[in-house]
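Here are the chains, one letter per residue:
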Amino acid sequence: MNLETGDVILCTVDRIVGTTVFVNIEGNGEGSIVFSEIAPGRIRNIRDYVFPKKKIVCKVLRISADRVDLSFRRVTLKEQKELKERYKEERSLINILRTILKEKAENVLEDISKRGGIQGFLEKIKNNPRELEELMGKQDSKKVFEILKAQKQKRAVIKKEVVLKSMDSDGIKKIKEILGNIEGAEIRYISAGKYSLKREDENIKEADQKLNEIIEVIEKRAKMSNLDFSIVKK
């Protein structure tokens, strides 16, 4: 993988020297993070955030000939979840291949790397299983594809919270009408105008996108009904 500014990548903390954290970048050597890019404000104990061997998600700030400058604090929660989900899928495929192919697995993984990497390969075989057959033969590819298909059935879950309030006498009725007509998410009352929304989908990115669309609909309808609306930040 060729790194570019703005890329979100997985790293493993190697060591802490002075006010700099050095990390190993998956497949791309070493990178560094100054303390100001670990967290905003004064850091009293850096080990509250990072420590050797901890895996962290970072964003590429700058790339020069001899170093890669990274940021830990600029990575959003959404970006963390998406990258960790991709990493989980990649590790799963690697483990499946090693279990089924045994001594042939490393040669196949090397071939996959030449074809654009594991994540790109995963996307291809979702729509074209024949890519598997080309690499490992019909019998082994069938075993791999069946396992991947079974894992795909495990759906991603996203939860968010919103607040809907009104001082009008019919405020509760308006809120019930709005939430009662929402489709595509499970909605539950928490307390004092606070409601949780849960969405399940094939992957975390799709679930998050759909849930955001549902929240936009709720906000629009709330404004039309003169209700106070807000999203609970976590």
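Conventions we followed
- Residues numbered from 1 in each chain as written.
- Predicted model: local features only at pLDDT ≥ 70, side-chain atom pairs only at ≥ 80, totals over all residues.
- Heavy atoms only, no water.
- Helix = DSSP H or I, 4+ residues; strand = E, 2+ residues; numbered from the N terminus.
- Rg over C-alpha atoms; globule rule 2.2 N^0.38 Å.
- Contact = heavy atoms within 4.5 Å.
- Areas by Shrake-Rupley, 256 points an atom, 1.4 Å probe, with all protein chains shown as cover.
- Buried < 20%, exposed > 50% of the residue type's maximum accessible area, 1.4 Å probe, protein only.
- Arc of directions from axis to C-beta.
- Polar contact = N/O pair within 3.5 Å; in protein donor to acceptor, adjacent residues only side chain to side chain.
- Disulfide = S-S within 2.5 Å.
- Axes fitted to C-alpha atoms, helices over the stretch in contact; angles between N-to-C directions.
- Parallel < 35°, antiparallel > 145°, perpendicular 65-115°, else oblique.
- Nonpolar A, V, L, I, M, F, W, Y, C, P; charged D, E, K, R; others polar.
- Salt bridge = Lys/Arg side-chain N within 4 Å of Asp/Glu carboxyl O.
- Phe/Tyr/Trp six-rings, centres within 6.5 Å; stacked < 30°, edge-to-face > 60°.
- Lys NZ or Arg CZ within 6 Å of the ring centre and 35° of its normal.

Broken down by element type, the chain carries seven helices and nine strands. The C-alpha radius of gyration computed for the chain amounts to 23 Å, which surpasses the reference 17 Å derived for 234 residues by more than 25%, pointing to a less compact arrangement than a globule. Here the C-alpha coordinates of the chain stretch approximately 70 × 55 × 25 Å along the principal axes. Look at the contacts in the chain between residues 6 or more apart in sequence, and 59% of them connect residues 24 or more apart. Surface summary for the chain: the accessible area is close to 15,000 Å², and the carbon and sulfur share equals 46%.

Let us look at helix α2 (residues 105–114). All of the buried residues along α2 are Ala105, Val108, Leu109 and Ile112. Viewed end-on, α2 has its buried residues packed into an arc of 100°, placing them on one side of the element. Across α2 from its buried face, at more than 90 degrees, point the exposed residues Asn107, Ser113 and Lys114.

With that settled, consider the side chain of Lys59. Take Lys59: it is sitting in strand β4 (residues 55–63). At 3.2 Å, the side chain of Lys59 forms a polar contact with the side chain of Glu79. Apart from the residues lying within four places of it in its own chain, the contact partners of Lys59 are Gly6, Asp7, Val8, Asp69, Leu70, Ser71, Arg74, Val75 and Glu79.

In the structure shown here, the tally under the stated rule is zero disulfides. Of the cysteine sulfurs around Cys11, a residue in no disulfide, the closest is that of Cys58, at 4.0 Å. You can call Cys11 buried: its relative accessible area is 0%. The buried category is assigned to Cys58, whose relative accessible area is 0%.

Another point: the packing of helix α1 (residues 77–101) against α2. For the pair α1 and α2, the least separation of the axes is 9 Å and the interaxial angle reads 140°. Judged on the interaxial angle alone, α2 and α1 are oblique. Contact residues: α1 offers Ile94, Leu97, Arg98 and Leu101, while α2 offers Ala105, Glu106, Val108, Leu109 and Ile112. Among the residues forming the contact of α1 with α2, the class breakdown is seven nonpolar, no polar and two charged.

Taken as a whole and assessed by the stated rule, the structure comprises 17 salt bridges. Two residues, Asp170 and Lys174, come together in a salt bridge whose shortest N-O distance is 3.8 Å.

Mapped onto the elements of the fold, Ile38 is located in the loop between β3 (30–34) and β4. With a relative accessible area of 2%, Ile38 lands in the buried category. Expressed as a C-alpha distance, the spacing of Ile38 and Tyr189, which sit 151 residues apart in the sequence, is 36 Å. Dropping the residues within four chain positions of it, Ile38 is found in contact with Val21, Ile33, Ile43, Ile46, Tyr49, Val50, Phe72 and Arg73.

Before going further, it helps to examine the packing of aromatic side chains. Per the counting criterion, the structure on display carries one aromatic pair. Ring geometry for Tyr189 and Tyr195: centres 5.5 Å apart, planes at 65°, overall edge-to-face. On the accessibility criterion, Tyr189 (55% relative accessible area) is exposed. With relative accessibility at 11%, the residue Tyr195 sits in the buried group. The lysine or arginine in question, Arg15, covers the ring of Phe22, its NZ or CZ lying 4.3 Å from the ring centre.

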